[in-house]
Amino acid sequence: MGGGLRWLLLAGLVFAPGWLRAAAAPVKSAYALTAAADRPNAVYRRGEAITFVVRLEQNGAAVDAGEIAWTLTKDGVAPTRSGTAKVEHGEARLTGTLDEPGFLQCRATYGSGETKLTALAGAAVSPLEIKPSMPAPADFDAFWAAKKKQVAAVPINARLTSVASQREGVEAFDLQADCVGATVSGYYARPAGAKPRSLPAILTVHGAGVTTSSLGGPVGWAKEGALALDINAHGLPNGRPKAFYDALATGELREYRTRGRESRDTVYFLGMFQRLIRAIDFLTSQPEWDGKTVVVSGSSQGGFQAIVAAGLDPRVSFFAAGVPAGCDHTGAIVGRIAGWPKFIPTGEKPSPAVVEAVRYYDCVNFAARAKAPGVFTIGFIDTTCPPTSVYAAYNALKTPKEIHHDIAAGHTNTPAARDFMRNAVLRHFAAMK
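This structure is a prediction, so every number in the text was calculated from the model and none was measured.

Thresholds, definitions, all that
- Every chain is numbered independently, its residues counted from 1 as its sequence is written.
- Local features in a predicted model are, by the rule used here, given only for residues with pLDDT of at least 70; side-chain atom pairs are given and counted only at 80 or more, and totals for whole chains, interfaces and linings are based on all residues.
- With hydrogens and water set aside, each side-chain value is computed from the structure's full complement of heavy atoms.
- Two strands pair under a simple rule: DSSP has to find at least two bridges between them.
- Under the scheme used here, helices are H or I runs from DSSP no shorter than 4 residues and strands are E runs no shorter than 2 residues, and both carry numbers assigned from the N terminus.
- Axis definition: a line fitted to C-alpha atoms, limited for helices to the stretch in contact. Angles are taken between N-to-C directions and run from 0 to 180 degrees.
- Whether two residues are in contact is decided by their heavy atoms: any pair within 4.5 Å suffices.
- Within the patch definition used here, like charges are joined within 9 Å and nonpolar side chains (Val, Leu, Ile, Met, Phe, Trp, Tyr) within 5 Å, considering only residues with over 30% relative accessible area and no salt bridge.
- Accessible surface is estimated by sampling points in the Shrake-Rupley manner with a 1.4 Å probe; for residues, cover comes only from the protein chains shown.
- What counts as a salt bridge is simple: a side-chain nitrogen of Lys or Arg found within 4 Å of a carboxyl oxygen of Asp or Glu.
- Counted as positive: Lys and Arg. Counted as negative: Asp and Glu, with His and the chain ends omitted from the count.
- Charge positions come from single atoms, namely NZ of Lys, CZ of Arg, CG of Asp or CD of Glu.
- For each residue, the accessible area found with a 1.4 Å probe, counting protein chains only, is set against the maximum for its type, and the residue is called buried under 20%, exposed over 50%, and partly exposed in between.
- Orient the strands so they point away from the viewer; a crossover is then right-handed if the path from the first strand over the helix to the second runs clockwise.
- Cavities and pockets are found on a 1 Å grid laid over the protein atoms alone: a cavity is a set of points where a 1.4 Å probe fits but cannot escape, a pocket is an open set with protein on both sides within 12 Å along at least five of seven lines, and a lining residue has an atom within 4 Å of such a point.
- Grid points are joined across faces, edges and corners, and a volume is the space filled by probe spheres set on the points.
- The criterion is simple. A nonpolar core is a set of buried Ala, Val, Leu, Ile, Met, Phe, Trp, Tyr and Cys residues joined through side-chain atoms within 4.5 Å.
- For this classification, under 35 degrees means roughly parallel, over 145 means roughly antiparallel, 65 to 115 means roughly perpendicular, and everything else is oblique.
- It is the rotation of the near helix from the far one that decides the hand of a crossing: anticlockwise by less than a right angle makes it left-handed, clockwise makes it right-handed.

Chemist: For this particular structure, what's the right way to read the sheet that holds strand β10 (residues 117-125)?
Modeler: The strands making up a sheet associate through backbone hydrogen bonding, with each pair oriented either parallel or antiparallel. Pairing is mixed in the open sheet, where 5 strands are placed in the order β3-β10-β9-β6-β7. Strand pairing shows two members of the sheet lacking a second neighbour, β3 (43-44) and β7 (77-86), which therefore form its edges.

Structure below.
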């Protein structure tokens, strides 16, 4: 199949007894199903054979008989191939290829009903060759220049209310700052007694959901010697009872992710992105700021915002985007998977208006305009922000960059990924001194 999946053979399996019994009493049985590519780094070339090894164990021992069901896809979308395979000596091996840059995904299942087990594995196929599904709109830069001008016309009017930092030597505040529409709402922390023009600044931003800002994050960064601001995604007041945010999540802000997708001027993320600019305005107006270092860091929707901030604001000197959302919204147009917020769900035939509007909010276009270096993380079995979409944005970035592969991870930042991002930020701080 040109430009699709070319399937090779399925082979070799194994199974052991589904349960074992002791003399009189049944022995509790616990099955475990895992899948992994046969190559440790799980990276292959286009057209190269990829073998997935599916393992089935019961109480830690290889199962010697049985059957699994399997599906191979192009990172979750067609073309799709499915079948069953016998397990032998605890293993089943499934082999396929991908004839275009992307990711080959293996989904294996065993059992049924409440005892059904599922395992996922992914393999990268020439990932550095993945390109954006569509180009940026011709007036992309003019559109965002106008939106930034709207922010600049509003005085910051920052209001700081002291809050307990719980860390010696760190001052913390609730920040409210005016912007277009909703206010910038966050927690700001700084080392006590810092000298003027002595400290780097970091803005941390949130994943999807409706919550208060984080106080612990900026306090921790302030302890590291930075001016630190964490803002919530929706400009909401901080520190309210959980029920306050839950009510908004199920009410006014329910399904905000696709709201207004019919027009570039009504997409919900417009206000969120304008608040990024205003948050950076605040940080860079502080007398302790060193005048050159601004980092933006976040994961998922926060990774989306980190890339956007780097693309919109030349004051950003570095960004860290963990399993970023917002990548390659129009992937479905070329038969690929798109990232959250899934403006165009797989299988939907979108209106031309939607296709046009969402391109103004695509990380592939912001990454292409970023002047700052950055780091990404991806999970090879991430079905929320699929790795194919993330690589489309990563490859668009023209500055020095690095990407961390979590081969066995889904939509999460593992401890290794978090350390990768944190250490990258600390290295940047050190390099900018």
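Chemist: Honestly, the sheet that holds strand β14 (residues 199-205) in this entry has me stumped. Any pointers?
Modeler: The 9 strands lie next to each other as β11-β12-β13-β15-β14-β16-β17-β18-β19, forming an open sheet whose pairing is mixed. The two strands at the open ends of the sheet, each matched to only one other strand, are β11 (159-163) and β19 (401-406). Geometrically, the sheet is characterised by an average inter-axis angle of 20° between neighbouring strands, direction not taken into account. Pairing geometry for β14 and strand β16 (residues 289-299), over 6 bridges, is parallel. Bridged to Ala 201 within β16 is Val 294. Those strands touched by helix α2 (residues 216-223) are β12 (170-177), β13 (184-191), β14 and β15 (227-231), and its axis lies near 25° from that of β13.

Chemist: Looking at this structure, how should I read a positive patch on the surface?
Modeler: On the surface, a cluster of positive charge is made up of Lys 131, Lys 371, Lys 398 and Lys 401. Mapping Lys 371 onto the fold places it in the loop between α7 (363-369) and β18 (374-379). A relative accessible area of 67% places Lys 371 in the exposed class.

Chemist: Before we go on, may I ask you to explain the environment of Ser 162 in this structure?
Modeler: Within the secondary structure, Ser 162 sits in strand β11. Of the residues examined, Ser 162 reaches a relative accessible area of 58% and is grouped as exposed. Considering only alpha carbons, one finds Ser 162 and Leu 175, 13 residues apart in sequence, at a separation of 9.0 Å. Non-local contacts of Ser 162, meaning those with residues more than four positions away in its chain, are made with Ala 172 and Phe 173.

Chemist: What's the story with the pairing of β14 in this structure? I'm lost.
Modeler: Each regular strand displays side chains that alternate between the two surfaces of the sheet. Within β14, 7 of the 7 residues are buried, which leaves it mostly tucked inside the rest of the structure. Burial of β14 is two-sided: the residues Leu 199, Ala 201, Leu 203 and Val 205 facing one way and the residues Pro 200, Ile 202 and Thr 204 facing the other way are all buried. Considered for its hand, the β-α-β crossover made up of β14, α2 and β15 is right-handed.

Chemist: Is there a simple way to think about the layout of surface pockets in this case?
Modeler: Here the idea is plain: a probe the size of a water molecule rolls over the atoms and shows the empty space left. Empty space within the largest pocket amounts to approximately 510 Å³. In this structure, the largest pocket is lined by 22 residues; those nearest its centre are Ser 297, Gly 298, Ser 299, Arg 418 and Met 421. Counting residues per element, the ones that place at least two in the lining of the largest pocket are β14, α2, β16 and α9 (415-432). No other element matches α9, which puts 5 residues into the lining of the largest pocket.

Chemist: Where do I start with the nonpolar core in this structure?
Modeler: Burial of nonpolar side chains together is a common tendency in soluble globular proteins. Within the largest apolar cluster, 106 residues are counted, with the highest numbers of intra-cluster contacts made by Trp 144, Leu 203, Phe 269 and Phe 273. Counting residues per element, this core draws most heavily on helix α4 (residues 269-284), at 10 residues. When sequence neighbours within four positions are dropped, the list of residues in contact with Phe 269 reads Tyr 256, Arg 257, Gln 301, Phe 304, Trp 340, Pro 341, Phe 343 and Tyr 361. Of all hydrophobic cores here, the second largest spans 13 residues; its members include Phe 318, Ala 320, Ala 424 and Phe 429.

Chemist: So what exactly am I meant to see when it comes to the packing of α4 against helix α5 (residues 301-312) here?
Modeler: When two helices pack together, their arrangement is given by the angle between the helix axes and the distance between those axes. In contact at an axis separation of 10 Å, α4 and α5 are set at 60° when each is read in the N-to-C sense. Overall, the two elements α4 and α5 adopt an arrangement that is oblique. Helix-helix and strand crossings are classified by hand; for α4 and α5 the assignment is right-handed. For the pair α4 and α5, the contacting residues are Phe 269, Met 272, Phe 273, Leu 276, Ile 277 and Ile 280 in the first and Gln 301, Phe 304, Gln 305, Val 308, Ala 309 and Leu 312 in the second.

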